[in-house]
Amino acid sequence: MKSALIKNQSVGLLIITALAVVSGLYGLLRPVSESEGLTFWRVNETWDKEIYGRAIDDWTSVNDKQVNVQVLGNHGLWQRMRSGFFSGTPMADLIEMHLEIMMGVYNGPEEAIGFLDLTDLLKRDGLLEVINQPTLSPWSSRGHIYGIPVSVSGVMLAYRADIVEEAGIDMEAIETWDEFMNTLRPLVRDLDGDGYPDRYLLEMEEGSETGSWVEMLILQAGGRYFDRNGKVEINSEINARVISKIALWGARPDKLTVDLPIFSLAGNQLLIDGYAVAWLVSDWRTKFMKLYLKPLAGKVKLMPIPAWEEGGRRTSILGSRMLGIPKTGHNIEESWDLVKKLYLDREVCRDRYLEGDAITPLMSLWDDPVFDQPDPFFSGQKKGRMFIELAPDVPEMPSSPYNMAARRAVAAASRSLRAFAEEKGITSSQNLHSKARQLLAAAEADIRFRADRNTFLRE
Amino acid sequence: MAQYRLHNPLAPYLFLSPFLLIIGVFVAYPLLQSVNLAFHQTFGPGFQRFVYLDNFFNLLQDPLFWKALRNTLTYAVATLFIQMPLALGLALLLNQPWLRGRTFLRLIFFSPALVGPVFVGFLSTIVFAGRVGLLNRVLNGLFGFNPDYAWLQNHVMGALIIAGLWMYVGFNMIFFLAALQNVNSDLLDAARIDGAKAWQRFNHVILPAIRPVFGFVVLLSLIGSFQLFELPFVLLNQTAGPDYQGLTIVMYLYLNGFEIGDLGYASAIGWVLAVILIVPTALQRFYFGRKEED
């Protein structure tokens, strides 16, 4: 009977069965590989490769410990990290990640945050006081610090010096957003004669896919989406005032701002073509400009962001990267030592500025002459020093797990407000104010509904 | 032919056991577990809190869920009333013996289905992009249309429906084409001899003959529409688009389960989706079953 059974089966089926059994057994019995030394997952930023290489070589030569670096894309990093936090799959000893990923880590109860609370280690090593405090805010939750930021992430305005100087505009005389828009308004032009402008004043995200740009300007103005206790605070006077202005800037027929696909080849080409005269850049984003907007070398300059009112804040904050240590790490002290080497060591920070434009959040290093070097790309400006002078004014960024949703909701409100202004022909932000409050109230209700549903955050 | 006699009464169960084991582990257990999860709030699988029926009550009040449902229904209705007639019309056209190059044209129309929704979604982003988009370039060149018009901000659902048409019209056409080729030509000849006009032949001969396939394609498309995920996810750059205009039910499920980590809420969404899908399935079976009996 046995031979008859086998005889009646196809050879292919037997091979597939045999392969399934063998591979299943191999998978089950294979020992989990425990690599020697520390494992470091980092995000894929090409220009950092050599900086990390040198720093890690230095560290390993002193500590006689191997560091296995694995470069991952954002999505892959997110999936691996969550698998590790939730299901105990193999984890790195150090993880570097972008802000958008980090917000999702705070969704659950405090004990579910998979990163080690670094507050005590920072205090112990006397680092807490010397790190620019607002820069720590996105990486902190419920009073604990879970990551060290790579850069201050302050924001300035980059503008096409060739275009504005040709028009005889003195940018140094501009202090507020109103002055910026009014002075530069004549630069909005139809260059090819098709009846539509080919040049706008400011790059501004006009959809609501991420809402980062609107948030950046709201934080600059002193607004916010959450208070320090995580309570939703979207429908405020400041927020309404800012989105009213943004809505009018983007409203036709006198449209001044433009949405373009940033961080893409098409978006880069549009910037090179002068489609936008100015755009908001963080310290780390200036590196993108050098890499992808090479024809603009020597044609662009930086200036502090115009304020919302005279004497107001001239900078903001745009998400960045951090280094954190998973709680499951094998050797916390060694991991912490490597964190300090990679993000807080003077030489590495100098290299990271020279090769990556990132301004270290470590205030004690801000006196380094490297930050005073003129940058030829930015028409010889001392870019580092300019960012550092603004760094103490960088606003705090809330770390609520609902911040991403709040960004989108407020950006959607701003977008609806723009449509409303276009439909009613409104040209004054004061006339938009009550509608802005109404839209923000709806956005606030939406986010409050979602946040209230989370029983883990109620405690 | 050799006769085998079973000596062991447990033998049938032994033979059934691999199937039962696989179904149990990979189908029955996950289904039961998802029912259990639907009554919990979770942060990943490790942190769970029993919340009674709160997930379902919250869904009823959740504006995003209703928005996702409305978007999904809009897409499904468009599928039904635009995609199906187009697919059937195309199949009728490409079934005509007088049409030259039919085989090539069939391949052309079917080809988007070969590359999949991710590729179609990506290509659609190039078509519908603002200043640099293919559509704006063509319209600007031909009619002086605004080159900055933001299709993916102002007409998310329209762009999605068009991308869906591109993707699935050819795919559904193949089913109709296969059904049309099985229509009894004697009946068509008889109808023609009896003086039936083209529409009468279509209505009284072709349509009844392809009705089972038609019902199957409608059901398949409806289920596919309700499960829409990859196309908007890629088209809208891994977001739900401005003001969640491209959010579908499955995207919302994914967002809650895999981005926020609340598998409980995601399970509740999944079960509501399952209940929603039972309705068209039952209607389809009732309607087409009755027609077949007639």
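Provided above is the structure to which this section pertains.
Thresholds, definitions, all that
Residues numbered from 1 in each chain as written. Chains lettered and ligands numbered in written order. Predicted model: local features only at pLDDT ≥ 70, side-chain atom pairs only at ≥ 80, totals over all residues. Core = buried A, V, L, I, M, F, W, Y, C linked by C-beta atoms within 7 Å. Buried ≥ 20, exposed ≤ 12 C-beta atoms within 10 Å, placed from the backbone. Helix = DSSP H or I, 4+ residues; strand = E, 2+ residues; numbered from the N terminus. Domains from an automatic or database assignment. Contact = placed C-beta atoms within 7 Å. Nonpolar A, V, L, I, M, F, W, Y, C, P; charged D, E, K, R; others polar. Axes fitted to C-alpha atoms, helices over the stretch in contact; angles between N-to-C directions. Parallel < 35°, antiparallel > 145°, perpendicular 65-115°, else oblique. Left-handed = near helix turned anticlockwise from the far one by under 90°. Expected span 1.5 Å × (residues − 1). Arc of directions from axis to C-beta. Pairing = 2+ DSSP bridges. Bend = angle between axes of the 7 residues up to and from the residue.

Engineer: Tell me about the nonpolar core, residues and numbers included.
Structural biologist: Met156, Ala158, Ile243, Ala276 and Val410 of chain A are the most contacted members of the largest nonpolar core, which has 135 residues in total. Residue contributions to this core peak at nine residues, all from helix α17 (residues 403–424) of chain A. Inspection of this core shows a minimum of three residues originating in each of domain 1 (38–129 + 321–357) and domain 2 (155–317 + 396–457) of chain A. The contact partners of Met156 of chain A, leaving out residues within four places of it in the chain, are Val281, Leu302, Met303, Pro304, Ile305, Thr315, Met386, Phe387 and Leu390 of chain A. Tyr75, Ala76, Leu247 and Ala266 of chain B belong to the second-largest nonpolar core, a separate cluster that totals 57 residues.

Engineer: Please provide a residue-by-residue account of the interface of chain B and chain A, values included.
Structural biologist: Between chain B and chain A, the contact holds 29 residues from the first and 29 residues from the second. At the level of secondary structure, the elements contributing two or more residues to the side of chain B that touches chain A comprise β1 (40–43), β2 (47–50) and α12 (249–260) of chain B. Looking at the side of chain B that touches chain A residue by residue, the class counts come to twelve nonpolar, twelve polar and five charged.

Engineer: Can you break down the packing of α17 of chain A against helix α18 (residues 429–453) of chain A residue by residue, with the values?
Structural biologist: All names here are of chain A. It is the contact of α17 with α18, at a shortest axis distance of 9 Å, that shows an interaxial angle of 155 degrees. In terms of axis orientation, α17 runs roughly antiparallel to α18. Between α17 and α18 lies a crossing whose hand is right-handed. Between α17 and α18, the contacting residues are Ala405, Ala406, Ala409, Val410, Ala413, Ser416, Leu417, Phe420 and Ala421 on the first element and Leu432, Lys435, Ala436, Leu439, Leu440, Ala443, Asp446, Ile447 and Arg450 on the second. Broken down by class, the residue content of the contact of α17 with α18 amounts to 14 nonpolar, one polar and three charged.

Engineer: Give a detailed account of the packing of helix α11 (residues 237–250) of chain A against α18 of chain A, specifying residues and quantitative values.
Structural biologist: Residue and element names in this part refer to chain A. Running from N to C, α11 and α18 cross one another at 115 degrees; their axes reach a closest spacing of 8 Å. Between α11 and α18 the crossing geometry is right-handed. Residues Asn239, Ala240, Ile243, Ser244, Lys245, Ala247 and Leu248 of α11 touch α18, and the partners they reach there are Ser429, Leu432, His433, Ala436, Arg437 and Leu440. Of the residues belonging to the contact of α11 with α18, the class tally is seven nonpolar, four polar and two charged.

Engineer: Which residues make up helix α5 (residues 117–128) of chain B, and what are the values?
Structural biologist: Residue and element names in this part refer to chain B. Here α5 is twelve residues long and its end C-alpha atoms lie 16 Å apart, about the 16 Å a rise of 1.5 Å per residue gives. Turning to α5, its buried residues are Pro117, Val120, Gly121, Ser124 and Phe128. Buried residues in α5, looked at end-on, bunch into an arc of 100 degrees, giving them a common side.

Engineer: Explain the sheet that holds strand β1 (residues 38–43) of chain A to me, and be specific about the residues and the numbers.
Structural biologist: Read across the open sheet, the five strands follow the order β2-β1-β3-β12-β6 (chain A); overall the sheet is mixed. In the strand order of this sheet, the two ends are held by β2 (67–72) and β6 (148–149) of chain A, each with one partner.

Engineer: Before we move on, can you summarise the sheet that holds strand β9 (residues 257–258) of chain A with the specific residues and values?
Structural biologist: All names here are of chain A. Read from one edge of the open sheet, five strands run β9-β8-β10-β7-β11, paired in mixed fashion. On the outer flanks of this sheet lie β9 and β11 (300–304), each paired with one strand and no other. Judged from the two bridges that link them, strand β8 (residues 200–203) and β9 form a sheet pairing that is parallel. Residue Glu203 lies in a different strand from β9, and its bridge partner there is Val258.

Engineer: Go over the pairing of strand β12 (residues 321–324) of chain A, please, and point to the residues and values.
Structural biologist: Residue and element names in this part refer to chain A. Both faces of β12 are covered, namely the face carrying Arg321 and Leu323 and the face carrying Met322 and Gly324. Judged from the four bridges that link them, strand β3 (residues 94–98) and β12 form a sheet pairing that is antiparallel. Paired with Glu96 across the strands is Leu323, a residue of β12.

Engineer: Before we move on, can you summarise helix α4 (residues 102–115) of chain B with the specific residues and values?
Structural biologist: All names here are of chain B. Over its 14 residues, α4 extends 21 Å from the first C-alpha to the last, a length consistent with the 20 Å expected when each residue adds 1.5 Å. At Phe109, α4 shows its maximal bend, which comes to roughly 35 degrees, and the proline Pro112 appears one to four places after that position. Gly116 sits one or two positions beyond α4 and adopts a positive phi of about 90 degrees.

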